[in-house]
Amino acid sequence: MSFAEAAARAAGLAGVAFGWGPDAFWRATPIELGALVQAVRGDAPDPCDRTTIDRLKERFPDG
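Residues numbered from 1 in each chain as written. Predicted model: local features only at pLDDT ≥ 70, side-chain atom pairs only at ≥ 80, totals over all residues. Heavy atoms only, no water.

1. Some words on the pattern of salt bridges
Point 1. Across all of its chains, the model carries two salt bridges by this definition.
Point 2. Residue Arg41 is joined to Asp43 by a salt bridge in which the shortest nitrogen-to-oxygen separation is 2.9 Å.
Point 3. When the shortest N-O distance is used, the salt bridge between Asp54 and Arg50 registers 3.1 Å. Of this pair, Asp54 and Arg50 both sit in helix H4 (residues 50–59), four residues apart, which is roughly one turn of that helix.
Point 4. Take Arg50: its relative accessible area is 52%, and that puts it in the exposed class. (Salt bridge = Lys/Arg side-chain N within 4 Å of Asp/Glu carboxyl O. Helix = DSSP H or I, 4+ residues; strand = E, 2+ residues; numbered from the N terminus. Buried < 20%, exposed > 50% of the residue type's maximum accessible area, 1.4 Å probe, protein only.)

As structure tokens, then:
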């Protein structure tokens, strides 16, 4: 399977599974797509607790 074929298949699956249009698919990173796939499969890691989120917000402020 070529890259173009694999990308078209992945984009189609992301559209069906997550409601993503082409722009959302192409802006997403492989890690973001992988995290959603893990969540759908039921093996996503536990969510962060409030302390971890606060530390991350402090370390990586984005306005």
